[in-house]
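Summary of the model geometry
Spelled out from the first residue to the last, the chains are:
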Amino acid sequence: MKNISVIGSGTMGNGIAHVFAQSNYSVNLVDINEKALEKAKATITKNLDRQIKKELIDEDAKNSTLSNITFTTSMEEGVKNADLVVEAATENVDIKLDIFRELDKITPDNCILSTNTSSISITKIGSVTERPDKVIGMHFMNPVPVMKLVEVIRGYATSDEVTNTIMKLSEDVSKVPVEVNDYPGFVANRILMPMINEAIYSLFEGVAGVEEIDTVMKLGMAHPMGPLQLADFIGLDVCLSILRVLHDGLGNPKYAPCPLLINMVQAGKLGVKSGEGFYSYSHGTKDLVVSDNFKK
């Protein structure tokens with residue numbers, strides 16, 4: 001397995017391409033938007049420069065990594081020789097199903113089709129293909145070049161052979177794979193999202209302010225980042241989408257998203273990506289500044 005195709009060049013997609021290319025795999029990074037690809041290349045270059053500054057790699061390794069990545073807007077060209085496809089498009093079930101229907105038609109028969117989804121059913125995705133045994137989840141963590149974990153999610157029909165191949169491949173790119181079964185939210189988000197939702201409820205109900213909630217979790221629970229800051233980092237729209245998958249899939253009211261989260265997403269306050277969430281990110285410094293909406 002040497003040819004990897006990554007679909008979607010956003011935060012997760014360019015990070016996944018970076019990791020495979022740095023391990024000397026040949027990578028096609030595919031996106032319908034040329035500007036998105038240009039931004040992805042700039043991001044990968046910036047992250048490689050950061051690794052050089054930290055003396056993790058040298059200039060030759062940077063150049064080799066970049067030379068291993070081809071950027072293309074053609075899905076067909078980008079996957080025609082793929083041994084593995086990693087889909088990293090937006091967390092929208094209809095978009096993902098459409099992508100997998102197309103991938104099933106245009107990839108080689110022996111190609112493994114994986115998705116970086118953080119919550120959507122692998123079984124459902126596999127069901128729209130003629131190769132459900134070769135469909136699997138590879139849930140990388142953000143930022144991909146730094147975080148070690150990969151959740152490897154087996155769909156109902158995913159074969160042992162494919163699972164073992166992806167587990168080994170994850171280790172080959174210096175990740176730590178953990179095999180989990182296909183239930184809403186898998187492990188990471190089934191545990192993480194209710195915590196974030198409860199933090200938002202605590203703010204919504206006036207238990208404490210933004211900084212106070214995050215400080216309790218950072219200093220009291222040794223979390224590197226408070227849950228509200230983490231929600232901003234993930235994207236409040238993504239958090240809402242995952243909570244709805246959990247709520248719909250498990251039918252338990254404890255997963256119902258907080259009304260405050262729903263309102264913020266409807267208002268376009270999505271966190272870092274929009275410049276404002278629980279904190280403001282438009283002031284030009286790395287200091288955390290609570291959004292005006294939540295200042296006392």
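Reading the values: rules and limits
Residues numbered from 1 in each chain as written. Predicted model: local features only at pLDDT ≥ 70, side-chain atom pairs only at ≥ 80, totals over all residues. Heavy atoms only, no water. Helix = DSSP H or I, 4+ residues; strand = E, 2+ residues; numbered from the N terminus. Buried < 20%, exposed > 50% of the residue type's maximum accessible area, 1.4 Å probe, protein only. Contact = heavy atoms within 4.5 Å. Areas by Shrake-Rupley, 256 points an atom, 1.4 Å probe, with all protein chains shown as cover. Lys, Arg positive; Asp, Glu negative; His and termini not counted. Charge placed at Lys NZ, Arg CZ, Asp CG, Glu CD. Domains from an automatic or database assignment. Buried area = accessible area lost by both parts, 1.4 Å probe. Salt bridge = Lys/Arg side-chain N within 4 Å of Asp/Glu carboxyl O. Polar contact = N/O pair within 3.5 Å; in protein donor to acceptor, adjacent residues only side chain to side chain. Nonpolar A, V, L, I, M, F, W, Y, C, P; charged D, E, K, R; others polar. Axes fitted to C-alpha atoms, helices over the stretch in contact; angles between N-to-C directions. Parallel < 35°, antiparallel > 145°, perpendicular 65-115°, else oblique. Left-handed = near helix turned anticlockwise from the far one by under 90°. Phe/Tyr/Trp six-rings, centres within 6.5 Å; stacked < 30°, edge-to-face > 60°.

**Some thoughts on the overall build of the protein**
Secondary structure assignment for the protein yields twelve helices and ten strands. Taking the principal axes of its C-alpha atoms as reference, the protein extends roughly 55 × 45 × 35 Å. Across the 296 residues in the protein, those meeting the buried criterion constitute 47%. Within the protein, contacts between residues at least 6 apart in sequence are counted, and of these 64% link residues at least 24 apart. Total accessible area on the protein is roughly 14,500 Å²; 51% of this is exposed by carbon and sulfur atoms. Charged side chains of the protein number 29 positive and 38 negative; the gap between the two group centres comes to 3 Å.

**Things to note about the domain arrangement of the protein**
Along its sequence, the protein is carved into domain 1 (3-181) and domain 2 (187-294). A straight line from the C-alpha centre of domain 1 to that of domain 2 covers 27 Å. Taken over both partners, the interface formed by domain 1 and domain 2 buries close to 630 Å², and the fraction arising from carbon and sulfur atoms is 59%. At the junction of domain 1 and domain 2, the tally comes to zero salt bridges. At the surface where domain 1 touches domain 2, the tally comes to four residue pairs in polar contact (both at pLDDT 80 or more). Here the side of domain 1 that touches domain 2 is built from residues that sort into three nonpolar, four polar and two charged.

**Looking at the packing of helix α8 (residues 188-204) against helix α11 (residues 236-250)**
When two helices pack together, their arrangement is given by the angle between the helix axes and by the axis-to-axis distance. Their axes nearest at 10 Å, the elements α8 and α11 cross at an angle of 115°. One finds that α8 runs roughly perpendicular with respect to α11. The way α8 lies across α11 gives a crossing that is left-handed. Where α8 approaches α11, its residues Asn189, Arg190, Met193, Pro194, Ile196 and Asn197 are matched on the opposing element by Cys239, Ile242, Leu243, Leu246 and Leu250. Counted by class, the contact of α8 with α11 contains eight nonpolar, two polar and one charged residues.

**Looking at the packing of aromatic side chains**
Using the criterion set out here, one finds four aromatic pairs in the structure. Aromatic side chains tyrosine 201 and phenylalanine 204 sit 6.3 Å apart centroid to centroid with 65° between the ring planes, which places their arrangement in the edge-to-face category. Here phenylalanine 204 and tyrosine 201 lie together in helix α8, a separation of three residues that amounts to about one turn. With relative accessibility at 45%, the residue phenylalanine 204 sits in the partly exposed group. For the pair phenylalanine 278 and phenylalanine 294, a centre-to-centre distance of 5.6 Å together with 35° between the ring planes defines the contact as tilted. Taken together, the residues span a long stretch of sequence, with phenylalanine 278 in the loop between α12 (259-266) and β9 (279-280) and phenylalanine 294 in the segment after β10 (289-290) at a distance of 16 residues. Put simply, the rings of Phe20, Tyr25 and Phe140 touch in pairs and so form one group of aromatic residues.

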